[in-house]
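Here is how the chains run, residue by residue.
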Amino acid sequence: MTAPTTATRGTDGLERDALAVLHPTFHGTDAPPAWLLRLLESGGMTGVGLFGRNVVSDGQVTDLTARLHEANPEVLVALDEEGGDVTRLEVRTGSSVPGSLALGAVDDPDLTRAVAAEIGRRLVARGITLNWAPSADVNSNPDNPVIGSRSFGADPELVARHTVAYVEGLQSAGVAACVKHFPGHGDTDVDSHLAMPRIGVDRDTLTARELLPFRAAIAAGTRSVMSAHILVPALDPELPGTLSPAVLNGLLRAPVAEGGLGFEGVIVTDGMEMDAVAARWGVERGNVLAIAAGADAICVGGTPSDEAEVLRMRDALVDAVRAGELPGERLHDAAERVRALGRWTAARRAEALGAGTPAGDTGAAGRDIGAEAARRAVRVSAPAGAPAFAPLTGPAHVLVLTPTANVAVGTETPWGLGPELTRLLPGTTTDRRDRTAATEVPALVDEVLRATGDRRLVVVVRDVHRHAWMAGVLDALVAARPDTAVVEMGVPQAPPSGALHIATHGAARVCAEAAAEVLTGRSPGAGGA
């Protein structure tokens, strides 16, 4: 066991390099911990991650990150603001811009570029310099429990062109993009937060499908790429991507002439506390293996770190170098890549702020781009023989069938339709039910019908194709009330049902607003997909 350490240890180059590659998160919303500021100012640390737990308001985040930039003007302040379902800046309210699936449904790269630029403007104004986005995963497996609407879609060419547009838009605003999750997390039915996913396709399929958006993003100049904790036997039969030299050095870093992707920027790991890695190797050992494999920045994102944990992680890297398990040159190369990215973001942030990027509201144009994108993403349809749907004119009853949230999305961000529809139709009521409440479908249906009375019923679902219990409840309600409107706020894989079927392609607040407009006749929505 490593001897106890203190923050005063770490003055030599090796220990500074070890701290430089560690990007932890922390508790708190008012001020960063004193130990973190000290390590950023004089210990060699280069980066830190923020999550929804660190966010209360725009002004509060701006004040919080200002302290980080004071401690280290070249600090990388990162979070994953994908837009849509995964939002940290708007974690309490839901996102005012739709996510990737909605943008892919519209399939207008100029719109995607504009939305990403708006996200970038908001981030840089609040002191964020690195966005762990976009997802370049091709969502080829409809049963994927963690990617889904975070992907632009299931077509590799579509995903590639929108990944490029997102990278260009985000970086034009002065924020570094981090394209994820290499070599591609789309064809999985396991969440790597919970266990080790496996993609069993051959190398040719990987090249034509999974790798296509990453090649395009690298050609477009993405500053960083995030590795995935997934096992791809065609690349490495034993180690997941984050820990695999074959995946990171032999594929991502290798020159194009040698069959690689030729990426020269920063390789960021996915959260090293995730069970796909931590359950077998542990965080500290996993960090050593990831840096040895070719990663540059270690993200420990899901759980906040304290000083003792950061120093243990630092010492594990130092000890590995001294024991000959990790070449010192590899650790130094990783640290230098991260420092170079910090210099790039500092310069771009200074340019953006110098050009007048506001510290608060980005204006009506910025707010309107999200609403425009959400409206354009809506698809309205109905099954053959469904009764004609008349727009809602009075209070309705909204039933939200709620699946278990995946870890990436979290449970803090509200979603559904009730508040948006209530604003348009005062008196509208909302009932939320999950799988536990749906164990007795007939009893649940009777309860819902009694609560609805003579009002119109709207049922909101999310990835109904993945949840048999949800499909059972929905089918029973539509059979009992054929005039039911159905709003799918996930991946619209299942056939449409109800008198009116609205696919929003995501559960962002702005997507709910667009659906409410269609239900009340304020917007016709787009035609069938």
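Residues numbered from 1 in each chain as written. Predicted model: local features only at pLDDT ≥ 70, side-chain atom pairs only at ≥ 80, totals over all residues. Heavy atoms only, no water.

Asks: Lay out the layout of surface pockets with the relevant residues and their values.
Replies: Approximately 620 Å³ is the volume attributed to the largest pocket. As for the largest pocket, its lining consists of 32 residues, of which Pro403, Thr404, Ala405, Asn406 and Arg466 are closest to the centre. In the lining of the largest pocket, the residues fall into 13 nonpolar, eleven polar and eight charged. When its volume is computed, the second largest pocket comes out at roughly 520 Å³. Taken together, 32 residues form the lining of the second largest pocket, with Phe51, Arg88, His193, Gly302 and Val407 sitting closest to its centre. Of the residues belonging to the lining of the second largest pocket, the class tally is twelve nonpolar, twelve polar and eight charged. (1 Å grid on protein atoms, 1.4 Å probe; cavity = no way out; pocket = protein on both sides within 12 Å on 5 of 7 lines; lining within 4 Å. Points joined across faces, edges and corners; volume = space filled by probe spheres on them. Nonpolar A, V, L, I, M, F, W, Y, C, P; charged D, E, K, R; others polar.)

Asks: Requested: an account of helix α5 (residues 109–125), with residues and values cited.
Replies: Between its first and last C-alpha atoms α5 spans 24 Å; for 17 residues at 1.5 Å apiece the expected length is 24 Å, and the two agree. Of all 17 residues in α5, twelve are buried, a share of seventy percent or more. Listed in full, the buried residues belonging to α5 are Leu111, Thr112, Val115, Ala116, Ala117, Glu118, Ile119, Gly120, Arg122, Leu123, Val124 and Ala125. Of the residues flanking the start of α5, the one acting as N-cap is Asp108, its side-chain oxygen 3.0 Å from the backbone nitrogen of Asp110. Of the residues trailing α5, Gly127 is marked for its positive phi of about 85°. (Helix = DSSP H or I, 4+ residues; strand = E, 2+ residues; numbered from the N terminus. Expected span 1.5 Å × (residues − 1). Buried < 20%, exposed > 50% of the residue type's maximum accessible area, 1.4 Å probe, protein only. Polar contact = N/O pair within 3.5 Å; in protein donor to acceptor, adjacent residues only side chain to side chain.)

Asks: How would you sum up the environment of Leu500? Please name residues and give values.
Replies: Inspection of the secondary structure assignment puts Leu500 in strand β14 (residues 500–503). With a relative accessible area of 11%, Leu500 lands in the buried category. With 15 residues separating them along the chain, Leu500 and Ala485 place their C-alpha atoms 4.8 Å apart. Not counting residues within four places of it along the chain, the set of residues in contact with Leu500 comprises Val380, Ser381, Phe389, Thr484, Ala485, Val486, Val518 and Leu519. (Contact = heavy atoms within 4.5 Å.)

Asks: If you had to explain the packing of helix α11 (residues 283–293) against helix α12 (residues 307–322) to someone new, which residues and values would you point to?
Replies: At their nearest, the axes of α11 and α12 sit 9 Å apart, and the two run at 50° to each other. Taken together, the axis directions place α11 and α12 in an arrangement best described as oblique. The way α11 lies across α12 gives a crossing that is right-handed. Judged by residue contacts, Val283, Glu284, Asn287, Val288 and Ile291 of α11 engage Arg312, Met313, Ala316, Leu317 and Ala320 from α12. Class assignment for the residues of the contact of α11 with α12 results in seven nonpolar, one polar and two charged. (Axes fitted to C-alpha atoms, helices over the stretch in contact; angles between N-to-C directions. Parallel < 35°, antiparallel > 145°, perpendicular 65-115°, else oblique. Left-handed = near helix turned anticlockwise from the far one by under 90°.)

Asks: Outline helix α3 (residues 58–71), supporting the account with residue identities and numerical values.
Replies: In a regular helix each residue adds 1.5 Å, so 14 residues correspond to 20 Å; α3 covers 20 Å between its end C-alpha atoms and thus fits that length. Those residues of α3 not exposed but buried are Gln60, Val61, Thr62, Leu64, Thr65, Leu68, His69 and Ala71. Here the buried face of α3 lies against α2 (34–43), β2 (47–49), β3 (76–79), α5 and α13 (328–354).

Asks: Now, about the pattern of salt bridges: what can you tell me, with residues and values included?
Replies: The full count for this structure, using the stated rule, is 37 salt bridges. The salt bridge involving Arg312 is made with Glu284; its shortest N-O contact spans 3.4 Å. Of the two residues, Arg312 is situated in helix α12 and Glu284 in helix α11; the sequence distance between them amounts to 28 residues. According to the relative accessible area criterion, Arg312 is partly exposed, its value standing at 43%. (Salt bridge = Lys/Arg side-chain N within 4 Å of Asp/Glu carboxyl O.)

Asks: Please provide a residue-by-residue account of the sheet that holds strand β9 (residues 379–381), values included.
Replies: On the basis of which strands lie adjacent, the open sheet formed by six strands has the order β9-β14-β13-β12-β10-β11 and mixed pairing. Where the open sheet ends on each side, the last strands, each with one partner, are β9 and β11 (429–433). Averaged over all pairs of adjacent strands, the angle between their axes in this sheet comes to 20°, without regard to strand direction. The pairing of strand β10 (residues 396–401) with β11 spans five bridges and is parallel. Counterpart to Leu401 in the pairing with β11 is Arg433. Contacts from helix α16 (residues 441–452) reach β10, β11 and β12 (456–461) within the one sheet, and its direction differs from that of β10 by about 155°. Sheet contacts for helix α18 (residues 509–519): β9, β12, β13 (485–488) and β14; angle to β14, the most-contacted strand, approximately 155°. (Pairing = 2+ DSSP bridges.)

Asks: Talk me through the confidence of the model for the chain; I want residue IDs and the actual numbers.
Replies: On average, residues of the chain score 92 in pLDDT, and 95% of them reach the 70 mark or higher. Predicted confidence for residues 1–11 stays below pLDDT 50, and this span has 19 contacts to residues more than four positions away or in other chains. (pLDDT = per-residue confidence, 0-100.)

Asks: So what about the packing of helix α6 (residues 156–172) against helix α8 (residues 211–219)? Which residues, and what values?
Replies: It is the contact of α6 with α8, at a shortest axis distance of 8 Å, that shows an interaxial angle of 25°. Taken together, α6 and α8 sit at an angle that is classed as roughly parallel. Viewed along their axes, α6 and α8 form a crossing whose handedness is right-handed. Residues Pro156, Glu157, Val159, Ala160, Thr163 and Val164 of α6 form the contact with α8, whose own contacting residues are Leu212, Pro213, Ala216 and Ala217. For the contact of α6 with α8, the per-class residue count stands at eight nonpolar, one polar and one charged.

Asks: So what's going on with the packing of aromatic side chains? Residues and values would help.
Replies: Overall, the coordinates contain three aromatic pairs when judged by the stated rule. When the centroid spacing of 5.2 Å and the interplanar angle of 90° are considered together, the rings of Phe182 and Phe214 count as edge-to-face. With a gap of 32 residues between them, Phe182 in strand β5 (residues 176–182) and Phe214 in helix α8 connect regions that are remote in the sequence. In terms of burial, Phe182 and Phe214 fall into one category: buried. The lysine or arginine in question, Arg432, covers the ring of Trp415, its NZ or CZ lying 5.2 Å from the ring centre. The ring of Phe389 has Arg456 sitting right over it, with the charged end atom 4.8 Å from the ring centre. (Phe/Tyr/Trp six-rings, centres within 6.5 Å; stacked < 30°, edge-to-face > 60°. Lys NZ or Arg CZ within 6 Å of the ring centre and 35° of its normal.)

Asks: Outline unusual backbone geometry, listing residues and values.
Replies: A cis geometry characterises the amide bond from Ala133 onward to Pro134, with omega recorded as 10°. Looking at where Pro134 falls in the secondary structure, it is placed in the loop between β4 (130–131) and α6. Of note, the amide linkage connecting Phe182 to Pro183 takes the cis form, showing an omega dihedral of 5°. Topologically, Pro183 is positioned in the loop between β5 and α7 (203–208). A positive phi is found at Asp463, a non-glycine position, where the angle reads about 55°. Here Asp463 is to be found in the loop between β12 and α17 (468–480). Overall, Asp463 belongs to the buried group, its relative accessible area being 13%. The backbone of His505 sits at a positive phi, close to 60°, despite the residue not being glycine.

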